[in-house]
Amino acid sequence: MKIAFVGKGGSGKTTLSALFIRHLAAAGRPVIAVDADINQHLGPALGLTDDQAAGLPSLGARLPEIKEYLRGDNPLIGSAEEMIKTTPPGRGSRLLRIVEENPVYAACARPIALDEGSVRLLATGAFTEEDLGVACYHSKVGAVELLLNHLIDGQDEYVVTDMTAGSDSFASGLFTRFDLTFLVAEPTRKGISVYRQYKEYARDFGVTLRVVGNKVQGPDDLAFLRREVGDDLLTTFGQSDWVRRLEQGAEPALSLLEPANRSTLEELKAAADAAFGLRDPRKYTAQAVHFHLRNAESWGNAKVGRDLAEQVDPEFVLGLDGATADRGTAGLGAARA
């Protein structure tokens, strides 16, 4: 299952995504956590020190090697340099699975031991001083889009992505790469305004969006959210001493989380699991192709110097029988040879 957490800055998006990741790991589920937020706070929310989080490998920095590995023996892609962030897989491409070891995970993922279970964390990398004036943050998250385009995941397996705040998540095709998107909204006018933006953008692409009310203090807050969000409101997360202790630098056991808030996490899991039966591999693949062709026409063809529409394999559907990975064992560096 591919799950995204979105919301305005300060809504508690990262905190709730980290709690959901902890909840899944505690249930023994395999989880890959992805920090795709410009602020890169997911690692500390999962218990890393600031120094440990700063030392995480950057997906953005390894993008050329990642492309080379995923390209595999796909005859439609002449070289890694011809791949862009939206390049879809085809026959001969290497695909990724959540429960496996591969050179991408070896180079870019880091295991995090939690008080209950463990996860693997991938981080896009922070927006650095060297990027100022020459790059946008979407050059970082492009690696996440490419990975999700090449990922086969099954039931009871989870990729949970903490997306960048606000409506910037819709500046690329990444927002269509998820089975379910949780929008974290405070019971305020600003919180609801972000929901309305997301709702409008998501409608045209069939993105499944559920709202999680956060910092809900009483009946008036709940009534406000129900009035403004309607049936999109899935559940709410209340005030939490456990979260406050975490934000103060403690590492409380997940078992001490308030029962009502632990129940909220179980509601999120139930909603994610229900979305599995609604997956449409053909639609998922078609959306990847759609955004690839858009990017190719707007900038990719000029950058690469060839028509990138030729990279599309019309007979390939990700996730259907026959859409299997090349199980090559070359490392990221060796894949260049």
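Our subject is the structure that appears above.
Owing to the predicted nature of the structure, the values given are computational and were not obtained by experimental measurement.

S.K.: So what's going on with the nonpolar core? Which residues, and what values?
M.R.: Among the nonpolar cores identified, the biggest contains 49 residues, and Leu59, Leu96, Leu122, Leu147 and Leu148 are the most heavily contacted of them. The greatest single-element share of this core, amounting to 6 residues, is contributed by helix α6 (residues 138-149). Formed by 40 residues, the second largest nonpolar core is a distinct cluster that contains Val119, Tyr158, Val243 and Ala271.

S.K.: Provide a residue-level description of helix α4 (residues 63-71), including the pertinent values.
M.R.: Each full turn of the α-helix corresponds to 3.6 residues, which orients residues three or four apart in the same direction. Of all 9 residues that make up α4, 8 are buried, and the element is covered over most of its length. Taken residue by residue, α4 has Leu63, Glu65, Ile66, Lys67, Glu68, Tyr69, Leu70 and Arg71 as its buried positions. Residue Gly72 follows α4 closely and has a positive phi angle near 55°.

S.K.: Summarise the environment of Val160; cite the residues concerned and give the values.
M.R.: Tracing the backbone through its elements, the reader meets Val160 in strand β7 (residues 158-163). A relative accessible area of 1% means that Val160 is categorised as buried. The residues touching Val160, leaving out its near neighbours within four places in the chain, are Ile3, Phe5, Ser17, Phe20, Ile21, Leu24, Val31, Ile32, Ala33 and Val34.

S.K.: Outline the sheet that holds strand β2 (residues 31-36), listing residues and values.
M.R.: With mixed pairing, the 8 strands of this open sheet are ordered in space as β4-β5-β2-β7-β1-β8-β9-β10. The sheet is open, and its two edges are formed by β4 (110-113) and β10 (233-238), each paired on a single side. Taking each pair of neighbouring strands and ignoring which way they run, the sheet shows an average axis angle of 25°. Across the sheet, helix α1 (residues 13-26) is in contact with β1 (2-7), β2, β5 (118-123), β7, β8 (180-185), β9 (209-216) and β10; its angle to β7 comes to roughly 165°.

What counts as what
Residues numbered from 1 in each chain as written. Predicted model: local features only at pLDDT ≥ 70, side-chain atom pairs only at ≥ 80, totals over all residues. Heavy atoms only, no water. Core = buried A, V, L, I, M, F, W, Y, C linked by side-chain atoms within 4.5 Å. Buried < 20%, exposed > 50% of the residue type's maximum accessible area, 1.4 Å probe, protein only. Helix = DSSP H or I, 4+ residues; strand = E, 2+ residues; numbered from the N terminus. Contact = heavy atoms within 4.5 Å. Pairing = 2+ DSSP bridges. Axes fitted to C-alpha atoms, helices over the stretch in contact; angles between N-to-C directions.

Nothing here speaks to function; it is all geometry.
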